[in-house]
Amino acid sequence: FSVYNQAEIHFQKALFYQKESQTANYRQGLISMSRFDFQQAAGHLEISLLSAPNHRGFKKSLGYCYTWLGQFDEAEVLLREIPEARSEMEVYTWWWQRQGIDHLSKNASQMAHLLDNHP
């Protein structure tokens with residue numbers, strides 16, 4: 001039983017009636033990210049970003065999701081606009097390594113490098 005189950009039921013109901021729901025897609029995307037289901041998360045976050053292309057939170061969350069998926073070109077476009085993304089990727093490099101999730105640590109390191117080296 002997940003702490004998100006009750007909320008997820010409500011989000012899924014909202015998405016049944018309104019597939020483009022900005023809030024339900026965003027929240028469902030965050031829940032999927034917490035479960036390491038980055039592919040599903042990206043789908044939800046992409047819908048949210050389409051509905052509000054300048055929303056900073058949507059850009060950042062989707063950029064991080066793309067980073068965890070190894071989709072660096074897509075992530076960089078979004079994260080270039082987020083000033084703290086580079087330093088946070090350095091922290092995630094350490095964090096994921098401490099969790100024993102080496103591929104995510106490497107992805108965070110690569111993204112920090114990309115954000116550091118491209119204006």
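Quick note: structure is the one above.
This is a predicted model, so every value here is computed, not measured.

Analysis parameters
Residues numbered from 1 in each chain as written. Predicted model: local features only at pLDDT ≥ 70, side-chain atom pairs only at ≥ 80, totals over all residues. Heavy atoms only, no water. Axes fitted to C-alpha atoms, helices over the stretch in contact; angles between N-to-C directions. Helix = DSSP H or I, 4+ residues; strand = E, 2+ residues; numbered from the N terminus. Parallel < 35°, antiparallel > 145°, perpendicular 65-115°, else oblique. Left-handed = near helix turned anticlockwise from the far one by under 90°. Contact = heavy atoms within 4.5 Å. Nonpolar A, V, L, I, M, F, W, Y, C, P; charged D, E, K, R; others polar. Phe/Tyr/Trp six-rings, centres within 6.5 Å; stacked < 30°, edge-to-face > 60°. Buried < 20%, exposed > 50% of the residue type's maximum accessible area, 1.4 Å probe, protein only.

(A) The arrangement of the packing of helix α5 (residues 72-79) against helix α7 (residues 102-117) in detail. The contact between α5 and α7 brings their axes to 10 Å, and the two run at 55°. The orientation of α5 relative to α7 falls into the category oblique. Between α5 and α7 lies a crossing of right-handed hand. Only N107, Q110, M111, L114 and L115 of α7 make contact with α5, whose side of the interface consists of F72, A75, E76 and L79. A class-by-class count of the residues in the contact of α5 with α7 yields 6 nonpolar, 2 polar and 1 charged.

(B) Spatial organisation of the packing of aromatic side chains. Within the structure shown, the criterion is met by 9 aromatic pairs. Between Y64 and W68, the ring centres sit 6.2 Å apart and the planes meet at 85°, which makes this aromatic pair edge-to-face. On the criterion of helical spacing, the pair formed by Y64 and W68 is a turn pair, its members being 4 residues apart in helix α4 (residues 56-69). For Y64, a relative accessible area of 6% puts it in the buried group. On the accessibility criterion, W68 (6% relative accessible area) is buried. Consider the rings of Y64 and Y92, whose centres lie 5.8 Å apart with planes at 80°: the pair is edge-to-face. Note that Y64 is positioned in helix α4 and Y92 in helix α6 (residues 85-98), a separation of 28 residues in sequence. Looking at Y92, the relative accessible area reads 28%, which means it is partly exposed. Members of the aromatic cluster, each reached through a chain of ring pairs, are F36, F38, Y64, W68, Y92 and W96.

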